[in-house]
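# Survey of secondary and tertiary structure
Each chain, written out:
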Amino acid sequence: MRLRERILRVLDSYDHKKIRIATLGSHSALNILRGAKDEGFETICLCKSEDAVIYRNFGVADNIVELESFSDLLKEEVQSFLREKNAILIPHGSFNAYIGKLDKLEVPIFGNRMLMEYEMDREKQREWFLRAGVRVPKVFRSPEEIEGLCIVKYQGAKGGRGYFLVSSYNEFREKVEKMIGMGLVNEDDLKKVEIQEYVLGANVYFSFFYSPVNERIELISVDRRYEHADALGRIPAKEQLKIDIEPTYTVIGNFPIVLRESLLRQAFEAAERIVEVSKEIAYPGMVGPFCVETIFNERAEMVVFEISARIVAGTNVGIPNSPYSYILFGENMYMGRRIARELRIAIEKDMLGEVVY
Ligand code: AMP
Ligand code: AMP
């Protein structure tokens, strides 16, 4: 039996009046758990023992399960516990970063787990963009081809860790050694690097929600990242030249953004095409949160450099609402709550099978 059928069978065995919302304790768990509580669900947080203090303190986890490591989620005893509790898992960045492929996870998850895998393979992701006809940064197939300022990136949700800038092959080799020396990357990361044209401009992360229940795309919040490299701007160029600084893109936090209204058109057009193509590449296509990560260049043209088919941590800036979610809903609405609302309506309309994979 295929995984999808096995998941649907698990869902059939659930008591739909007693669905619990579960997630791993990190990344955007507080957002997800608060949202679940706001929509009347009981919650489960699976966290590392040392982080339990966070989830005890906020009081949004009705059950806290302590794990030695996040990969313990795949252990049979943890999975059967979740199934006994009628749990639906909400995936986030830590699922990509610490678990990877979810094909051994036989607990229903909200969203389309096939699309989440696109985040781990930049080449597949690029195909998705190209088919959707969105503007993307130029990619250099090998370090020898590097021309102009480029950013070197790795696969998966690494939060920008160890990314670096180069403008020639020799510099690439030097910096790789340096990044290894600094312990920011390992040989495995380097096997599949992606070298992209560095797009100079303003970073904007659009967090959308595709609702199969309402059949519409909703803009929930917009943010930008607060990254290690942002510290550079605090030092005058004269001083920068004197010291050997290696900025990297490790994310530290996020800021909310409100865009020039006229720029929203580009984001909606791209989101619509990305959702359209998602249906062709991974049936049934996008379900729930996704983030279109962009840079607006000097002509205010939107360049898409990445997509996450799940909740991103940047949506944490949108609690209890963002200007966009407020305009759309007229009430407090944020990504964690939006997910729980979709689940609640899907339960009421007997559509759970269409939002859970
Ligand atoms: P953590 O548990 O904080 O290490 O985060 C889990 C994964 O999500 C890591 O790969 C982080 O790099 C990524 N992550 C966490 N917070 C953010 C954020 N605010 N923006 C982007 N990525 C993040
Ligand atoms: P990512 O892991 O793809 O989300 O990228 C992490 C960070 O690297 C982004 O927030 C940007 O600051 C930066 N970045 C990624 N790709 C590019 C690019 N092509 N041009 C400029 N900056 C980029």
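Note that the coordinates shown come from a computational prediction; the quantities given were computed from them, not determined experimentally. (Residues numbered from 1 in each chain as written. Chains lettered and ligands numbered in written order. Predicted model: local features only at pLDDT ≥ 70, side-chain atom pairs only at ≥ 80, totals over all residues. Heavy atoms only, no water.)

### A short note on the overall build of the protein
Note the following rule: Per the convention used, a helix needs a DSSP run of H or I reaching at least four residues, while a strand needs a run of E reaching at least two, with both numbered from the N terminus. We compute the radius of gyration from the C-alpha atoms alone; for a globule the expected value is 2.2 Å times N to the 0.38, where N is the number of residues. The contact criterion used throughout is that any non-hydrogen atoms of two residues lie within 4.5 Å. Residue burial considers only the protein chains on display, and all accessible areas are found by Shrake-Rupley using a 1.4 Å probe. Charge assignment: positive for Lys and Arg, negative for Asp and Glu; neither His nor the chain ends contribute. All charge positions are set by atom: Lys at NZ, Arg at CZ, Asp at CG, Glu at CD.
Along the backbone of the protein there are 13 helices and 13 strands. Radius of gyration (C-alpha) of the protein: 21 Å, near the 21 Å computed for a compact globule of 357 residues. Put simply, of all contacts in the protein between residues at least 6 apart along the chain, 64% involve residues at least 24 apart. About 16700 Å² of surface is accessible on the protein, with carbon and sulfur atoms providing 49% of the total. If the 49 positive side-chain charges of the protein are averaged to one point and the 55 negative ones to another, these points end up 2 Å apart.

### Observations regarding the domain arrangement of the protein
Going by this rule: Domain extents, as shown, originate in an automatic or database domain assignment. When two parts are brought into contact, each loses some accessible area as probed by a 1.4 Å sphere; the total of that loss over both is the buried area. Any residue that is not Ala, Val, Leu, Ile, Met, Phe, Trp, Tyr, Cys, Pro, Asp, Glu, Lys or Arg is counted as polar, Gly included; the first ten are nonpolar and the last four charged.
For the protein, the domain assignment lists domain 1 (3-110), domain 2 (120-134 + 201-348) and domain 3 (139-197). In this structure, domain 2 and domain 3 have C-alpha centres spaced 23 Å apart. In this complex, domain 2 contributes 16 residues to the contact, which on the side of domain 3 involves 21 residues. Around 1500 Å² of area is buried between domain 2 and domain 3 when both sides are counted, 46% of it from carbon and sulfur atoms. Among the residues domain 2 hides against domain 3, the three largest losses belong to Arg122, Glu246 and Tyr249. Together they make up 47% of the total. Only helix 7 (122-132) and strand 13 (302-308) provide two or more residues apiece to the side of domain 2 that touches domain 3. Ranked by residue count, the leading element in the side of domain 2 that touches domain 3 is helix 7, at three residues. Looking at side-chain class alone, the side of domain 2 that touches domain 3 contains five nonpolar, two polar and nine charged residues.

### So, the site of ligand 2
So the rule is basically this: Proximity is defined per residue: any heavy atom of the residue falling within 4 Å of a molecule or strand makes that residue near it. Nitrogen and oxygen atoms within 3.5 Å of one another constitute a polar contact, given that in protein one can donate a hydrogen and the other can accept it, and given that sequence-neighbouring residues count only through two side-chain atoms.
Ligand 2 sits among 18 residues. The nearest are Lys153, Tyr163, Tyr205, Glu227 and Glu306. Between a nitrogen atom of ligand 2 and a side-chain N or O atom of Lys153, the distance comes to 2.8 Å. With respect to ligand 2, the side chain of Asn203 contributes an N or O atom lying 3.3 Å from an oxygen atom. Isolated, ligand 2 exposes 480 Å² of accessible area, and the fraction of that covered by the protein chains is 98%. Both of domain 2 (120-134 + 201-348) and domain 3 (139-197) provide at least three residues apiece to the shell around ligand 2.

### Here's the deal with the packing of helix 2 (residues 29-38) against helix 13 (residues 335-348)
Where we set the bar: Axes here mean lines fitted to C-alpha atoms, for a helix over just the part in contact, with angles spanning 0 to 180 degrees between N-to-C directions. Note on angle classes: values under 35 degrees are labelled roughly parallel, values over 145 roughly antiparallel, values of 65 to 115 roughly perpendicular, and the remainder oblique. Should the near helix be turned anticlockwise from the far one by less than a right angle, the crossing is termed left-handed; should it be turned clockwise, right-handed.
Running from N to C, helix 2 and helix 13 point in directions that differ by 45 degrees, and their axes come no closer than 7 Å. Accordingly, the angle class assigned to the pair helix 2 and helix 13 is oblique. For the pair helix 2 and helix 13, the crossing hand works out as right-handed. In this structure, helix 2 contributes Asn31, Ile32, Gly35, Ala36 and Asp38 to the contact, and helix 13 contributes Met335, Gly336, Arg337 and Ala340. Here the residues of the contact of helix 2 with helix 13 are counted per class, giving four nonpolar, three polar and two charged.

### Examining empty space enclosed by the protein
Cut-off, in case you're wondering: Only protein atoms enter the 1 Å grid, on which a cavity is a set of points fitting a 1.4 Å probe that cannot get out and a pocket is an open set with protein on both sides within 12 Å along at least 5 of 7 lines, lining residues being those with an atom within 4 Å of a point. Grid points are joined across faces, edges and corners, and a volume is the space filled by probe spheres set on the points.
If you walk through the whole model with that rule in mind, you get two cavities of 30 Å³ or more. There is about 70 Å³ of room inside the largest cavity. In terms of lining residues, the largest cavity is bounded by Arg122, Gln125, Arg126, Phe129, Val136, Pro137, Glu194, Gln196, Val304 and Phe305. Breaking the lining of the largest cavity down by element, the ones donating at least two residues are helix 7, strand 8 (194-197) and strand 13. Looking at which element gives the most residues to the lining of the largest cavity, the answer is helix 7, with four residues.

### Comments concerning a nonpolar patch on the surface
Just so we agree on the cut-off: Residues qualify for a patch when their relative accessible area is over 30% and they have no salt bridge, like charges being joined within 9 Å and the nonpolar side chains of Val, Leu, Ile, Met, Phe, Trp and Tyr within 5 Å. Take a side-chain nitrogen of Lys or Arg and a carboxyl oxygen of Asp or Glu: if they are within 4 Å of each other, that pair is a salt bridge.
A cluster of nonpolar residues, Val53, Ile54 and Phe58, forms a patch on the protein surface that exposes about 270 Å² of accessible area. As for its position among the elements, Val53 is in helix 3 (residues 52-58).

### A short note on helix 13
Test applied: Expected span, for any helix, means 1.5 Å times one less than how many residues it has. Classification of residues uses two cut-offs on accessible area relative to the type maximum, computed with a 1.4 Å probe and protein chains only: under 20% is buried, over 50% is exposed, and between them is partly exposed.
Compared with an ideal rise of 1.5 Å per residue, which puts 14 residues at 20 Å, helix 13 spans 20 Å between its outermost C-alpha atoms and is within 8% of the ideal. Helix 13 sits mainly inside the fold: eleven of its 14 residues count as buried. Turning to helix 13, its buried residues number three or more, namely Met335, Gly336, Arg337, Arg338, Ile339, Ala340, Arg341, Glu342, Leu343, Ile345 and Ala346. Asp350 occupies a position one or two residues after helix 13 and carries a positive phi of about 60 degrees.

### Side note on the layout of surface pockets
Of the volumes computed, that of the second largest pocket is approximately 310 Å³. For the lining of the second largest pocket, the per-class residue count stands at six nonpolar, one polar and five charged.

### Some remarks on the pattern of salt bridges
Throughout the structure, instances matching the rule amount to 30 salt bridges. Linking Glu331 and Arg341 is a salt bridge whose minimum nitrogen-to-oxygen distance equals 3.0 Å. Taken as a pair, Glu331 in the loop between helix 12 (323-329) and helix 13 and Arg341 in helix 13 lie far apart in primary sequence, ten residues in all. Since its relative accessible area comes to 28%, Glu331 is described here as partly exposed. Ionic contacts of the salt-bridge type, sharing partners, join the residues Glu39, Glu331, Arg337, Arg341, Arg344 and Glu348 into one network.

### Notes on the sheet that holds strand 9 (residues 202-211)
Applicable threshold: When DSSP locates at least two bridges between a pair of strands, those strands are taken to pair.
With antiparallel pairing, the five strands of this open sheet are ordered in space as 11-10-9-12-13. Looking at the sheet topology across the chains shown, the edges are occupied by strand 11 (251-256) and strand 13. On average, each strand axis in the sheet is tilted by 35 degrees relative to the strand beside it, whichever way the strands run. Of the pairings in the sheet, the one linking strand 9 to strand 10 (residues 216-227) comprises seven bridges and is antiparallel in character. The residue bridging Tyr210 from the neighbouring strand is Ile217, located in strand 10. Where helix 11 (residues 264-281) meets the sheet, its contacts fall on strand 9, strand 10, strand 12 (288-296) and strand 13, and the angle it forms with strand 9 comes to roughly 50 degrees. In the packing of helix 13 onto the sheet, the strands contacted are strand 9, strand 10 and strand 12, and the crossing angle to strand 9 comes to about 15 degrees.

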